[in-house]
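Here are the chains, one letter per residue:
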Amino acid sequence: MARPLATLSIAMSQAPGKPGISPRWTSSAKTGVGTARNGRVWFTTSHGILNEIYYPRIDRACTRDFGLLISSEDGVFFEEKRHAKLRQHPFDHFTPGFVITNDLPGGHRIEKTIITDPTHDCLLQSTRYTPGESGTFHVTALVAPHLVNRGSDNVAWIGDYKGVPMLFAEGSGTVLAMAADVPWLARSVGFVGMSDAWQDVRRHGKMTWEYDRADGGNVALAGEIAWQEHDGSFTIGLGFGASAAEAGYQVRSALAQGFEAVQRRFIAGWSDDEPEADDRLEAASIRVLEVHESAGFPGGFIASLSIPWGFSKGDDDIGGYHLVWARDLVETATGFLAAGRTGPAVRVLEYLCATQEHDGHWPQNMWLDGSPHWTGIQMDETALPILAVGLALRSGADMDARSYWPMVRQAAAFIVANGPVSPEDRWEEDPGYSPFTVATEISALLTAAHIADVAGEHEAAMLLCEVADAWNAQIERWLFVTDTDLAARVGVEGYYVRISSSDTGAPEDGWIPIKNRPPAQSSAPAAEVVSPDALALVRFGLRSPDDPRILSTIKVIDELLKVDLPQGPAWLRYDGDGYGEHDDGSPFDGTGVGRPWPLLTGERAHYELAAGNIDEARRLAAMLFSSAGDSLLLPEQLWNGPDLPQHELYLGGPTGSAMPLCWAHAEYLRLKRSLRDGVVFDRPEGPFERYVREGTPACSMVWSRKQKCRSVPVDTTLRIVIPEPFTLRWSIDDWSTSHDLESSDPGLGIHTAELPTSGLGKGRIVSFTFRFADRWEGTNYTVAIDGPSRS
């Protein structure tokens, strides 16, 4: 419908109020995540509207939200996300497209179906608006572009593609085009909070401002829809491209096909692969994981299509959870393996091969192309990919173990050279010893040893087993505390802990009991932290579920960390956790109060299954099912305080962190598989056989740059491990005499030498230093022969 000339003259102007208010993202508690099979556009929903739309990669958010305004010049003003009573459901449990019904005051109803076009880079929203009262009402579509991962410095303008009226926005080389299959009665762009259509419609009851351009700020696109053209039904499309012409083409072509035809293709893309599942959440979990893969980077699965506490986050937090975290990626892969889907798991392993750093580790998190976002190093994120290779092989994946040996070799060498102390643990907090990290490292080394044997690298396999045995023998001295006030209060002798420090100067001597260990060389003392991480010692096969130390630790965990919610028990990450909303409901802002994580209920269920408590494991699985709610999405955290409706926080419901969390859905898939099999699905058999069934002892201690042990037991060999070739000069008489040993590389790209300390008696002191190709170390080290024999 053409606009009157007077309106056209007004439209030829720049929007005032540059740059608009500071941009923010939106709620992370999603009610839906969707995409077309192998498409390049992803979307999320909450509060009855579209939230972030991602293009052309799943790590690139391009919008904040897209909703409708219902208004009249008589004072009616309703905004879907604020005023509607919402009902939402997917097409079925297998197809990630959604139908949303929003009921507004006064009887107004908006019914929407949301899909993406499998053959075009375009999202389509088919809408039917039914007014509930007499009068003249205006329907305004309002889009907040954030191109790409930024709400600042966007440009918006009114234009057309080959004569079809559209609205456009551009940022960071990506263009969004909005069009409809009915005429626009008005179009405008503006700066959010200043000259956007929300301000206009709220004041005037309809669009009266028609600015044709907004350059360089937090912008919004808006158009009034001629909703009566087809008796209240209309379709709006959002197309994307590298230019306005490309984006315009994508949306025009998608709309030209007709919504019903595109919807049939959308459903067909998913319906030929319906998950086999025992319950709705299991089927939904498979689809949630599949939706989180980027078509352009096979095997590149992000952690979550959400930005935790997004409504309080701006451009300075561009990552959110739409990044690849090696740990979460492996959790996703093993979830697929549990569901019998080896194809996606193998794609993950191929992706990991391509994104591994040259020294063998993976970034803490990264963009899909492998570029690091955070630069921290977490040792479990190097260990878990090795375990994933082992589990994929045991699960019958179509892969050759020998082809993965180069990746496994690099990762295993990095662990040997840099473990077992982790610069950061799996919860991205302090450095130190973590039961989860240590368990994954040891299990990974044994898995790597098996793969090395398959590849014919027997010398490397022997070293990996030796290091694993040495570390396994020290777990209690590193991580088990006794005679504490907490132990006395709970009535146990001791319990496993995380040993953390605010500095990377973690304790060096693994043979001094924790209670008597001198403080680390750090600006802050080491802290002994209780965490469900201790259950990883059972999950990864290092300790028996009925080990008295494990049983005592469970009592302590439940005393400090167990939370009873309406749907069942949940657990906190650790005592003193500060990652969560404040008690008043305000968002996490660098500080807060940790909340229970559903995935930890899954981890506890796996322990109960390993311990033979099948009924309890099933009860905990039911708790996870209930935590997903009607949306069948599992949150990262659950609210454990009194109801705070003003913050949308309800006891047992999701918090503002992340929902869905792929890791939680993968844990549910593994748990369902474990319950069907009667055993823990992802427990590696090598460590369980070696340490639980056979009780294999350590034959040596290991000295490395990151683990400088200062004493060894009688009759124990000291093995030196250094990343580069070296000559070891050593003495047992304070350098009156000395001996040299040449290092060798067992095939891991690291060098090792064996000090013959096993023949020395108690009380002897061994001194040693290193000569490298072009220099002496310049430092002498000593190791005391002390403590009981390991035999």
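Before reading on, note that the structure itself is shown above.
Residues numbered from 1 in each chain as written. Predicted model: local features only at pLDDT ≥ 70, side-chain atom pairs only at ≥ 80, totals over all residues. Heavy atoms only, no water.

### Here we look at the overall build of the protein
Then, number 1: When you go through the protein residue by residue, the secondary structure sums to 20 helices and 33 strands.
Then, number 2: Scaling as 2.2 N^0.38, a compact globule of 791 residues should have a C-alpha radius of gyration of about 28 Å, and the protein matches this with 30 Å.
Then, number 3: Looking at the protein residue by residue over its 791 residues, the buried ones come to 62%.
Then, number 4: Contacts in the protein between residues at least 24 apart in sequence constitute 68% of all its contacts with a sequence separation of at least 6.
Then, number 5: As displayed, the protein offers around 28100 Å² of accessible surface, 49% of which is attributable to carbon and sulfur atoms.
Then, number 6: Here the protein holds 69 positive side-chain charges and 105 negative ones, and the gap between their average locations is 1 Å. (Helix = DSSP H or I, 4+ residues; strand = E, 2+ residues; numbered from the N terminus. Rg over C-alpha atoms; globule rule 2.2 N^0.38 Å. Buried < 20%, exposed > 50% of the residue type's maximum accessible area, 1.4 Å probe, protein only. Contact = heavy atoms within 4.5 Å. Areas by Shrake-Rupley, 256 points an atom, 1.4 Å probe, with all protein chains shown as cover. Lys, Arg positive; Asp, Glu negative; His and termini not counted. Charge placed at Lys NZ, Arg CZ, Asp CG, Glu CD.)

### Points about the nonpolar core
One broad trend across soluble globular proteins is that nonpolar side chains are buried collectively.
Then, number 1: Within the largest apolar cluster, 145 residues are counted, with the highest numbers of intra-cluster contacts made by L445, L464, W471 and Y495.
Then, number 2: Ranked by the residues each element gives to this core, the list is headed by helix α11 (residues 435–454), at 11 residues.
Then, number 3: Excluding anything up to four places from it in sequence, L445 contacts A412, I415, V416, L464, V467, A468 and W471.
Then, number 4: Core analysis: the next-biggest nonpolar cluster, separate from the first, contains 47 residues, F66, L68, L147 and F191 among them. (Core = buried A, V, L, I, M, F, W, Y, C linked by side-chain atoms within 4.5 Å.)

### Concerning the sheet that holds strand β7 (residues 98–103)
Then, number 1: Reading across the sheet, the 9 strands line up as β6-β7-β8-β9-β17-β13-β12-β11-β15 and stay open at both edges, with antiparallel pairing between neighbours. Edge strands, defined here as strands with exactly one partner in the open sheet, are β6 (85–90) and β15 (213–217). Taking the axes of each pair of neighbouring strands and ignoring which way they run, one obtains an average angle of 20 degrees across the sheet.
Then, number 2: Where strand β11 (residues 154–161) lies against β15, 3 bridges are found, and the strand directions are antiparallel. What sits directly across from W157, in β15, is R213.
Then, number 3: Sheet contacts for helix α4 (residues 244–257): β9 (122–130), β11, β12 (164–171), β13 (174–180) and β17 (233–241); angle to β17, the most-contacted strand, approximately 145 degrees.
Then, number 4: Together, β8 (109–116), β9 and β17 form the strand contacts of helix α5 (residues 259–271), whose direction differs from that of β8 by roughly 55 degrees. (Pairing = 2+ DSSP bridges. Axes fitted to C-alpha atoms, helices over the stretch in contact; angles between N-to-C directions.)

### A look at empty space enclosed by the protein
Then, number 1: Applying the stated criterion across every chain yields a total of 3 cavities of 30 Å³ or more.
Then, number 2: What the largest cavity holds in volume is close to 280 Å³.
Then, number 3: What lines the largest cavity is a set of 24 residues, among which E331, L384, R539, F540 and D682 lie closest to the centre.
Then, number 4: Only α7 (326–338), α9 (380–394), α11, α15 (536–539) and α19 (662–677) provide two or more residues apiece to the lining of the largest cavity. (1 Å grid on protein atoms, 1.4 Å probe; cavity = no way out; pocket = protein on both sides within 12 Å on 5 of 7 lines; lining within 4 Å. Points joined across faces, edges and corners; volume = space filled by probe spheres on them.)

### Quick notes on the packing of aromatic side chains
Then, number 1: Under the counting rule described, the total for this entry stands at 24 aromatic pairs.
Then, number 2: Summarising the aromatic geometry, the rings of Y55 and F240 are spaced 5.3 Å apart at their centres and angled 25 degrees between planes, so their arrangement reads as stacked. You can see Y55 sitting in the loop between β3 (49–54) and β4 (63–71) and its partner F240 sitting in strand β17, a full 185 residues away along the chain. F240 shares its class with Y55; the two are buried.
Then, number 3: For the ring pair F91 and F266, a centre distance of 6.1 Å and an interplane angle of 80 degrees mean the geometry is edge-to-face. With F91 in the loop between β6 and β7 and F266 in helix α5, this pair connects stretches of sequence that are 175 residues apart.
Then, number 4: A residue is classified by how much of its surface remains accessible, and F91, at 22% relative accessible area, is partly exposed.
Then, number 5: The buried category is assigned to F266, whose relative accessible area is 1%.
Then, number 6: Site record: aromatic cluster; members linked through ring pairs are W703, F726, F768, F770, F772 and Y781. (Phe/Tyr/Trp six-rings, centres within 6.5 Å; stacked < 30°, edge-to-face > 60°.)

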